[in-house]
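# Summary of structural features
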Amino acid sequence: MLRAVTRLLILGWLLLAAGCAIMALGLQKPEVSVEDVSLLPGGGMLQQRMHLTLRVSNPNEKDITVDGLTFGFEINGQKVATGMTGQSVVLPRLGETTVGVDVSASLIELLAKLPKVLEGGKAFGYRVHGEVLTRDYGRLPFDRKGELSIDKLAEKAGGGPPAAQRGQF
């Protein structure tokens, strides 16, 4: 029993020390936002495949090596998809990069949630949340809300806007 308590205290101390080390470094969380959403061919009767382009920004004065990303994607408060990627990228100091992720969503769940998703009219709110998995700093959580335009998505579905307008919602 005493060994278990000792181990628990040591683990707690190590976690506290790691948290303090990140705070001592003055590290800010990376920011993640949705840059683009597109439907992919190849979905079946029960699944819809989507491609999300996520923009990851580094507000820090240090490069951050990202080894992966886990996330959830919601529209008007309704969970639409979850995903993860093991794609490694280096976020340059005070810079940003994009990460493309293919996800699958259940068509049955999407259809059941459609009335709630479409409540917003011409635009709808989205939320992307999860964790950035870093090589040197552990897991850094993120949570971002924004708005997408149905008109812009419809333009994309009909052949897409000119290249200069891609990613603008």
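Scope of this entry: the structure provided in the associated data block. (Residues numbered from 1 in each chain as written. Predicted model: local features only at pLDDT ≥ 70, side-chain atom pairs only at ≥ 80, totals over all residues. Heavy atoms only, no water.)

### Some points on the packing of aromatic side chains
Quick note on the threshold: Side-chain rings of Phe, Tyr and Trp (the six-membered ring for Trp) are treated as a pair once their centres are within 6.5 Å; stacked means planes under 30 degrees apart, edge-to-face means over 60, and tilted covers the remaining angles. The helix count covers DSSP runs of H or I at least four residues long, the strand count covers runs of E at least two residues long, and both are numbered beginning at the N terminus. Only protein chains enter the area calculation, which uses a 1.4 Å probe; residues under 20% of their type maximum are buried, those over 50% are exposed, and those in between are partly exposed.
All told, the structure shown has 1 aromatic pair when counted by the stated rule. With centroids separated by 6.3 Å and ring planes inclined at 35°, the aromatic side chains of Phe-73 and Tyr-126 adopt a geometry described as tilted. A residue pair is termed long-range when its members are at least 10 positions apart, and Phe-73 in strand 3 (residues 64–75) and Tyr-126 in strand 7 (residues 123–134) qualify at 53 residues. Residue classification places Phe-73 among the buried residues on the basis of a relative accessible area of 1%. The exposure class of Tyr-126 is buried, given its relative accessible area of 7%.

### Observations regarding the nonpolar core
Keep this limit in mind: In these notes, a set of buried Ala, Val, Leu, Ile, Met, Phe, Trp, Tyr and Cys residues joined through side-chain atoms within 4.5 Å is what counts as a nonpolar core. By definition in these notes, contact holds between two residues if any of their heavy atoms fall within 4.5 Å.
Core analysis: the largest hydrophobic core is formed by 30 residues, its most contacted members being Val-34, Leu-54, Phe-71, Phe-73, Val-80, Val-128 and Phe-142. Elements represented by at least two residues in this core include exactly strand 1 (31–40), strand 2 (47–57), strand 3, strand 4 (78–85), strand 5 (89–91), strand 6 (96–106), strand 7 and strand 8 (138–149). It is strand 3 that contributes the most residues to this core, 6 residues altogether. With residues near it in sequence (within four places) discarded, Phe-142 still touches Pro-30, Val-32, Leu-69, Thr-70, Phe-71, Val-128, His-129, Gly-130, Glu-131 and Val-132.

### Focus on the sheet that holds strand 6
Consider a sheet: its strands pair through backbone hydrogen bonds, and that pairing is either parallel or antiparallel. Note the following rule: Strands qualify as paired when DSSP identifies two bridges or more between them. Note on geometry: axes are lines fitted to C-alpha atoms, helical ones only across the stretch in contact, with angles between N-to-C directions running from 0 to 180 degrees.
On the basis of which strands lie adjacent, the open sheet formed by 3 strands has the order 1-2-6 and antiparallel pairing. Of all the strands in the sheet, the pair left with one neighbour each is strand 1 and strand 6. Averaged over all neighbouring strand pairs, the angle between strand axes comes to 25°, with direction disregarded. For strand 2 and strand 6, the ladder comprises 11 bridges, and the chain directions are antiparallel. When the bridges of strand 6 are listed, Met-50 appears paired with Val-103.

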